[in-house]
Structures are given as C-alpha cells and as structure tokens.
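Spelled out from the first residue to the last, the chains are:
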Amino acid sequence: MAAPNEFWLLTVPKEGQTPEATFEKLRRHTDGASQGYLIQVPSLTVGTLNSLMSLSEDMDKVDASIESVVRKVERQYAEVTPKNRDPLLVDAVPVDRYLPSFVWEHAKYPHRRALPELVQHLRQTVSETDDELKHLASTYADKTQKLQALKRSSGKGRGSLSLSPLEEVLSADDVAKAKAIDTEYLVTVAVAVPKAKDQEFLKTYTEIAPDCISSDSGETCSPAVPGSAVKLVTDGEASLYALTLLKGRHVSGAYEGDSWRPSGFDDFVPRYTTAARSLGFVVRPFAYDAEKVARTSADRATLEQECDRLHASIVRWCRSHFAESFVAWIHLKIVRAFVESVLRYGLPVDFLTVLLVPRKYKEQKLAEALDQMFAHRHTVGLVDDEEDDGYRPYVVQKCHALSAAA
C-alpha cells in the first residue's frame with residue numbers, strides 16, 4: 001500500500017516522440033493508479049562515462065546521507081512542538097505542493113557544473129546543516145536536562161523527607177511555621193516520621209531517651225521540649241516535624257574512683273537521635289539555607305528563560321533548515337535520476353523526468369502499469385543491468401516526502 005506522502009521519481013525515454021506525447025502516453029498507462037506531474041530539469045552536464053559510473057556507485061550513500069539529515073530535522077521539530085503543530089513547509093508551501101511544482105534553483109546549484117562537483121556541493125550543504133543541528137540539539141538538551149534536575153530538586157515535596165536537604169522539601173512558609181531556634185541551651189531539629197506512626201510520635205516524643213537527663217535527686221527525663229512538635233509537611237510516605245530539644249549541659253571535672261574525668265559538654269541530641277531511630281523516627285539537623293533557595297530560584301528563572309529562547313530558536317531553525325535540506329535532497333534525486341537514466345537509456349539525453357504520486361492502495365497497480373508500458377524495452381543503455389535482481393526497464397526512485405514523525 002502506498003503511504004500518503006509517497007512519491008515516485010521516474011524518467012521516461014521519449015523514443016522519438018515529443019515531450020507532450022511522451023507524457024500523455026505515460027498518463028494514459030498510469031492515470032488510474034497515480035497522479036503525474038512533468039518535472040522541468042535543466043540540461044545537466046553529462047561528462048565522461050567513467051565519471052558517471054563512479055558517481056552512480058556513490059549515489060546510494062550520498063542519497064541516504066542527505067535523507068538522514070532531512071529526517072533528523074523532522075524528528076527534532078516533532079520533539080519540540082505539540083502534536084497539533086504547523087506542518088513543515090518548503091518555499092512556503094507543504095511538500096506535497098512543492099514537489100509537483102519543482103523548479104531547479106540555479107543560483108544555489110548551478111546546473112552547468114560538473115556533476116561530481118554538484119553532488120559534492122549538495123552533500124556539503126546538508127552536512128553543514130547536520131553539524132548545526134547536532135550543536136543546537138545538544139545545547140537545548142543540556143539546558144532542558146539541567147532545568148528538569150533543578151525543578152526536581154527544588155520546591156516543597158520534591159525529595160525524601162528523611163534524606164533530602166531541607167531546601168528541597170520545605171517552602172519558606174514551612175520554615176516560618178517551624179520557628180527554628182539554636183541557642184546555648186535549645187536547638188530545633190527536624191524529625192521524619194512514617195505516616196503510619198504519626199500518632200505514636202506525637203504521644204511519645206517526650207518519652208524518647210527518658211534517662212537522657214538526670215537531676216541531683218535522681219529523676220530522669222527526655223530532652224524533648226513538651227508541646228514543641230510542629231508538623232511542617234507530609235508526602236505519601238512520611239511527615240516532617242520540627243522539634244525543640246535541650247542541647248545538653250556542661251559537666252564539671254571530677255574523680256571517678258581513682259580516675260579523673262575532665263570537664264566537658266554532655267550532648268543530648270545524639271542520644272535522642274539514636275533512641276528515636278530505633279523507633280523508626282529519623283532525627284536530622286534543621287539546616288535551611290535561605291540564600292541557597294534564593295540562588296536556586298534565580299537559577300531556575302534564568303534557565304527557564306534560556307530554555308524558552310532556545311526552544312523558539314530551534315523551532316525556527318527546524319522550519320528553515322528542513323526546507324533547505326529537503327530542497328537539496330530533491331535536487332540530488334534529480335541528479336541521481338539523470339545519471340542512472342543516461343547509463344540506462346544511453347546517449348544522447350532524450351528522456352522526461354516525471355513525478356508520480358501513487359493513489360491510495362494503487363502502488364502495485366502502478367508498478368504493473370509501468371512494467372507493461374516498458375515491456376518492449378531491453379538493456380539498450382551504456383550499462384548492462386540484467387544481472388541486477390531489482391532490474392526494471394525504466395529508472396524510478398520511490399521515496400517518502402515526510403517521515404511518520406512529521
């Protein structure tokens with residue numbers, strides 16, 4: 001079955017007839033299976049048989065190389081535009097209108113240049129487009145990846161409540177609600193609590209590490225300040241609380257038996273942290289860098305602007321360079337048809353170039369019509385192709401103007 005944007009580039013020997021009569025004969029054979037258009041091709045330079053043979057051998061590779069760039073531009077355009085995007089245009093019209101009205105661009109591709117030079121010029125033009133696309137796509141991908149990483153790592157609820165920096169999980173309002181302190185005697189910590197243990201934590205946080213603090217009378221208690229637990233955020237797995245603890249106390253030096261214990265600071269926080277962890281609660285320092293958050297926010301805004309600018313640039317670039325590379329590809333196909341036709345039909349040059357657009361479900365019928373039309377022909381050109389399994393007594397290139405991505 002013929003795809004909607006499939007076209008066949010065909011050369012038809014005139015066999016002593018006028019161009020009009022030759023085209024009319026082709027139309028009669030193929031009209032039920034395709035729509036045909038006569039393509040005006042300038043008088044290209046034939047050159048020598050050796051140069052044609054050498055060029056013919058290289059044409060598959062050059063054609064595939066240029067088409068691959070056309071497809072890359074299509075894919076890039078599809079990746080950066082919505083599904084209801086505007087179609088890619090060539091000379092301000094869709095490709096299905098450009099092809100039937102093809103006109104050789106003499107200023108870009110002088111037709112009297114030697115064919116190898118002309119092909120090299122076409123290849124070089126598209127190669128430069130490929131290099132530009134690689135650079136532009138790489139830059140855009142790098143910026144968008146950085147922006148996505150920044151988005152993932154910033155803002156409330158973006159990371160693990162028990163592991164991620166607080167700047168990634170708390171908003172400024174959350175921090176204000178915590179009323180965090182860090183004095184000589186008190187310090188605020190963050191506690192990640194599994195959601196299933198929320199109520200347990202609220203009932204027991206003042207009972208964790210109950211013998212951490214002891215009085216001269218022998219009474220003991222936890223360093224957690226009663227009533228200080230404040231829920232800041234919650235996600236699907238846990239809640240994050242702010243909790244105030246007694247930091248510790250200074251201990252004077254004293255003899256313990258025959259040994260002297262020097263003075264020091266008895267830190268309550270590590271002991272509370274260890275005891276809490278055994279119950280499934282993760283105690284963390286309440287470290288929140290507001291300046292870092294401001295820098296991250298500024299970096300994100302800058303990256304968003306850069307991505308927007310690059311996005312607009314790459315969309316414009318794809319539109320203009322698709323047209324340029326597609327035009328180069330069609331010119332290459334015209335040259336390829338010319339070279340293969342001279343080798344197939346012989347000299348002097350006496351053939352038409354025709355664009356056939358197969359009708360829906362008529363591809364097989366079109367092939368049969370062409371085989372019937374050229375059934376009387378044998379290998380009469382400069383090259384014997386009878387050993388080629390894909391041999392046809394005419395020259396045809398079957399192509400798709402656009403890929404599925406477009």
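J.: How would you summarise the packing of aromatic side chains if you had to cite specific residues and measurements?
T.: Under the defined criterion, the tally for this structure stands at 11 aromatic pairs. Measuring from ring centre to ring centre gives 5.2 Å for F201 and F281, while their planes differ by 75°; the resulting arrangement is edge-to-face. In this pair, F201 sits in helix α7 (residues 198-204) while F281 sits in the loop between α8 (268-278) and β14 (282-285), placing the two residues 80 residues apart along the sequence. Using a relative accessible area of 0% as the deciding quantity, one classes F201 as buried. On the numbers, 6.0 Å between centres and 55° between planes, the contact of F338 with F351 is tilted. With F338 in helix α9 (residues 290-345) and F351 in strand β15 (residues 351-358), the pair connects residues that are 13 residues apart, well separated along the chain. Given a relative accessible area of 5%, F338 falls into the buried group. The class for F351 is buried, based on a relative accessible area of 12%. The ring centre of W8 lies 4.3 Å from the NZ or CZ of K398, which sits over that ring.

J.: Break down the nonpolar core for me, with residues and values.
T.: Of all hydrophobic cores here, the largest spans 71 residues; its most connected members are Y98, L115, F326, I330, V335 and L370. Residue contributions to this core peak at 20 residues, all from α9. Those residues in contact with Y98 that sit more than four places away from it in its chain are V90, D91, V93, F326, V327, I330 and H331. Counting 21 residues, the second-largest nonpolar core is a separate cluster that includes V187, V191, C212 and L243.

J.: Account for the packing of helix α4 (residues 115-152) against α9, with residues named and values stated.
T.: Following both chains from N to C, one finds α4 and α9 inclined at 160°, their axes separated by 8 Å at the closest point. Judged on the interaxial angle alone, α9 and α4 are roughly antiparallel. Here α4 runs over α9; the crossing is left-handed. A class-by-class count of the residues in the contact of α4 with α9 yields 21 nonpolar, 9 polar and 9 charged.

J.: Hey, could you go over empty space enclosed by the protein for me, with residue numbers and the actual values?
T.: In the structure shown here, the tally under the stated rule is 3 cavities of 30 Å³ or more. One number sums up the size of the largest cavity: a volume of about 50 Å³. Lining the largest cavity are F7, L9, I39, L99, F102, I330, I334 and L355. Every element with two or more residues in the lining of the largest cavity is listed here: β1 (6-13) and α9. Residues that form the lining of the largest cavity fall into these classes: 8 nonpolar, no polar and no charged.

J.: Residue-level account of the side chain of Q76, with values.
T.: With respect to the secondary-structure elements, Q76 resides in helix α2 (residues 49-80). In this structure, Q76 is in contact with L133, A137, I314 and C318, ignoring residues within four places of it in sequence.

J.: Residues and numbers for the pattern of salt bridges, please.
T.: On inspection of all chains with the given rule, the structure shows 25 salt bridges. The residue D58 makes a salt bridge to R123 at a minimum N-O spacing of 3.1 Å. One end of the pair, D58, is in helix α2; the other, R123, is in helix α4, and 65 residues separate them in sequence. Owing to a relative accessible area of 22%, D58 belongs among the partly exposed residues under this scheme. You can call R123 partly exposed: its relative accessible area is 27%. With a closest N to O distance of 3.5 Å, D142 and K146 form a salt bridge. Here D142 and its partner K146 are both found in helix α4, 4 residues apart, which amounts to about one turn of the helix. Residues joined by salt bridges that share partners form a network here, namely D60, D63, K333, R336 and E340.

Procedures and definitions
Residues numbered from 1 in each chain as written. Predicted model: local features only at pLDDT ≥ 70, side-chain atom pairs only at ≥ 80, totals over all residues. Heavy atoms only, no water. Phe/Tyr/Trp six-rings, centres within 6.5 Å; stacked < 30°, edge-to-face > 60°. Helix = DSSP H or I, 4+ residues; strand = E, 2+ residues; numbered from the N terminus. Buried < 20%, exposed > 50% of the residue type's maximum accessible area, 1.4 Å probe, protein only. Lys NZ or Arg CZ within 6 Å of the ring centre and 35° of its normal. Core = buried A, V, L, I, M, F, W, Y, C linked by side-chain atoms within 4.5 Å. Contact = heavy atoms within 4.5 Å. Axes fitted to C-alpha atoms, helices over the stretch in contact; angles between N-to-C directions. Parallel < 35°, antiparallel > 145°, perpendicular 65-115°, else oblique. Left-handed = near helix turned anticlockwise from the far one by under 90°. Nonpolar A, V, L, I, M, F, W, Y, C, P; charged D, E, K, R; others polar. 1 Å grid on protein atoms, 1.4 Å probe; cavity = no way out; pocket = protein on both sides within 12 Å on 5 of 7 lines; lining within 4 Å. Points joined across faces, edges and corners; volume = space filled by probe spheres on them. Salt bridge = Lys/Arg side-chain N within 4 Å of Asp/Glu carboxyl O.

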